[in-house]
Amino acid sequence: MNANIGNPHPGATPLVEMRDISIAFGGIRAVDHASVDLFPGEVVGLLGHNGAGKSTLIKILSGAYPRDGGQILINGEEVQIGNPRDAKAYGIETIYQTLALADNVDAAANLFLGRELLTSWGTLDDAAMEAEARKVMGRLNPNFRRFKEPVKALSGGQRQSVAIARAILFNARILIMDEPTAALGPHETAQVGELIKELKKDGIGIFLISHDIHDVFDLADRVAVMKNGQVVGYAKTTEVTKDEVLGMIILGKCPPNAIRGPGAVD
Ligand SMILES: Nc1ncnc2c1ncn2[C@@H]1O[C@H](COP(=O)(O)OP(=O)(O)OP(=O)(O)O)[C@@H](O)[C@H]1O
Ligand SMILES: [Mg+2]
């Protein structure tokens, strides 16, 4: 167990531990000895100003960037994640804000993009893919009916549910969501919140990056706040106020109920 982070779930093994992770771009320490962990069924909000290092930290976990230092453990075992394929093999899926959907095809085609189901004749098994799509979407978003339309016709929230369905269809255990609600209105944001609650019930762990502190307090069990590449501190959302977390983000000040990280001031 990482002594810097404390143990929010005594006796449980974290799904993910990132320990002492660093990466520099030129002279800039984008991530500087940062540690975070994540337990099954938990949402950990990653907070911090623009440029704090949030996306870079999770890109190391998703295999997009190589780290200069530190360790990654999955279910308590150290792993080497050298590329996105390695990350997927450990059940790590990332949903970027841009979503990376194929706009001109329907939900089922998106769910199976690059991993299509084939019939025994080697042709695309559209019926099987649509049936699977209806199953997984039915669980995540029971009101979704627009299976025959290209995803470009869908609302932001519906597109988000297609992206999430795509991740969990391939057995994601660890989901990284970078600003999932930034482009969404209030109704769609609520829809994504419902999706996240469904995923939690299945024991999926979620790193949620967001600038919206209200969303984070609604959805996250814990927060980790970053500033200048360093972690200011960690807190349970039930044990700190939004103002205290804003103080962590803006001033780097760690309130009494938070666990200090190396980036805390005073
Ligand atoms: N590929 C890159 N090359 C050079 N510098 C980079 C690269 N990616 C990130 N950086 C720098 O690393 C630092 C951390 O950036 P990062 O994107 O991780 O911040 P962030 O916390 O995700 O910010 P935002 O809230 O704006 O998304 C910044 O100073 C950024 O300019
Ligand atoms: Mg970012």
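Residues numbered from 1 in each chain as written. Chains lettered and ligands numbered in written order. Predicted model: local features only at pLDDT ≥ 70, side-chain atom pairs only at ≥ 80, totals over all residues.

(A) Geometry of helix H6 (residues 186-201). The end-to-end C-alpha distance of H6, which contains 16 residues, comes to 23 Å, matching closely the 22 Å that a straight helix rising 1.5 Å per residue would cover. Considered for burial, the residues of H6 that qualify are Thr 189, Gln 191, Val 192, Leu 195, Ile 196 and Leu 199. All buried residues of H6 fall inside an arc of 155° around its axis, so they share one side. Away from its buried face, by an angle of more than 90 degrees, H6 presents the exposed residues Pro 186, His 187, Lys 197 and Lys 201. Residues of H6 that are buried sit in contact with strand S3 (43-47), helix H4 (126-140), helix H5 (156-169), strand S7 (174-178), strand S8 (205-209) and helix H7 (213-219). Where H6 terminates, the next one or two residues include Gly 203, which has phi positive at roughly 85°. (Helix = DSSP H or I, 4+ residues; strand = E, 2+ residues; numbered from the N terminus. Expected span 1.5 Å × (residues − 1). Buried ≥ 20, exposed ≤ 12 C-beta atoms within 10 Å, placed from the backbone. Arc of directions from axis to C-beta. Contact = placed C-beta atoms within 7 Å.)

(B) Spotlight on the packing of H5 against H6. At a minimum axis separation of 8 Å, H5 and H6 run at an interaxial angle of 20°. Judged on the interaxial angle alone, H6 and H5 are roughly parallel. The two elements H5 and H6 cross, and the hand of that crossing is right-handed. Taking contact as the criterion, the partners of Gly 156, Gly 157, Gln 160, Ser 161, Ile 164 and Ile 168 in H5 are, on H6, Glu 188, Gln 191, Val 192, Leu 195 and Leu 199. (Axes fitted to C-alpha atoms, helices over the stretch in contact; angles between N-to-C directions. Parallel < 35°, antiparallel > 145°, perpendicular 65-115°, else oblique. Left-handed = near helix turned anticlockwise from the far one by under 90°.)

(C) Expanded view of the nonpolar core. If you look at the biggest cluster of nonpolar residues, it comprises 74 residues, and the most contacted ones within it are Leu 61, Leu 175, Leu 208 and Val 225. With 6 residues, H5 is the largest single contributor of residues to this core. (Core = buried A, V, L, I, M, F, W, Y, C linked by C-beta atoms within 7 Å.)

(D) How the structure looks around the packing of H4 against H5. Packing of H4 against H5 leaves a shortest axis separation of 10 Å and a crossing angle of 115°. Regarding H4 and H5, the two cross each other, and that crossing is right-handed. Here H4 contributes Val 136, Met 137 and Leu 140 to the contact with H5, which in turn contributes Ser 161, Ile 164, Ala 165, Ile 168 and Leu 169. A breakdown of the residues in the contact of H4 with H5 according to their chemical character gives 7 nonpolar, 1 polar and no charged. (Nonpolar A, V, L, I, M, F, W, Y, C, P; charged D, E, K, R; others polar.)

(E) Representation of the site of ligand 1 within the structure. Lining the immediate surroundings of ligand 1 are Phe 25, Ile 28, Ala 30, Gly 48, Asn 50, Gly 51, Ala 52, Gly 53, Lys 54, Ser 55 and Thr 56. Elements supplying a minimum of two residues to the shell around ligand 1: strand S2 (28-38) and helix H1 (54-61). Looking at the shell around ligand 1 element by element, the count peaks at 3 residues for H1. Of the residues that constitute the shell around ligand 1, the class distribution is 4 nonpolar, 6 polar and 1 charged. (Near = placed C-beta within 6 Å.)

(F) H1, seen in detail. Burial analysis of H1 places 8 of its 8 residues in the buried class, which makes it a mostly covered element. Among all positions of H1, only Lys 54, Ser 55, Thr 56, Leu 57, Ile 58, Lys 59, Ile 60 and Leu 61 are buried. Trailing H1 by a residue or two, Gly 63 shows a phi angle of about 85°, which is positive.

(G) Looking closely at the environment of Ser 155. Position of Ser 155 relative to the elements: it lies in the loop between H4 and H5. A count of 14 C-beta atoms within 10 Å places Ser 155 in the partly exposed class. Separated by 30 residues in the primary sequence, Ser 155 and Gly 185 place their C-alpha atoms 9.9 Å from one another.

(H) Spotlight on the environment of Asn 141. One can find Asn 141 in the loop between H4 and H5. In this structure the C-alpha to C-alpha distance between Asn 141 and Val 162, which are 21 residues apart in sequence, comes to 9.2 Å. Those residues within four positions of Asn 141 in sequence are excluded, and the remaining contacts are Ser 161, Gln 191 and Leu 195.

(I) How the structure looks around the confidence of the model for the protein chain. Within the protein chain, residue pLDDT values average 89, and 95% of them lie at 70 or more. When the elements of the protein chain are averaged for pLDDT, H5 gives the smallest value, 83, and strand S10 (residues 230-236) the largest, 98. (pLDDT = per-residue confidence, 0-100.)

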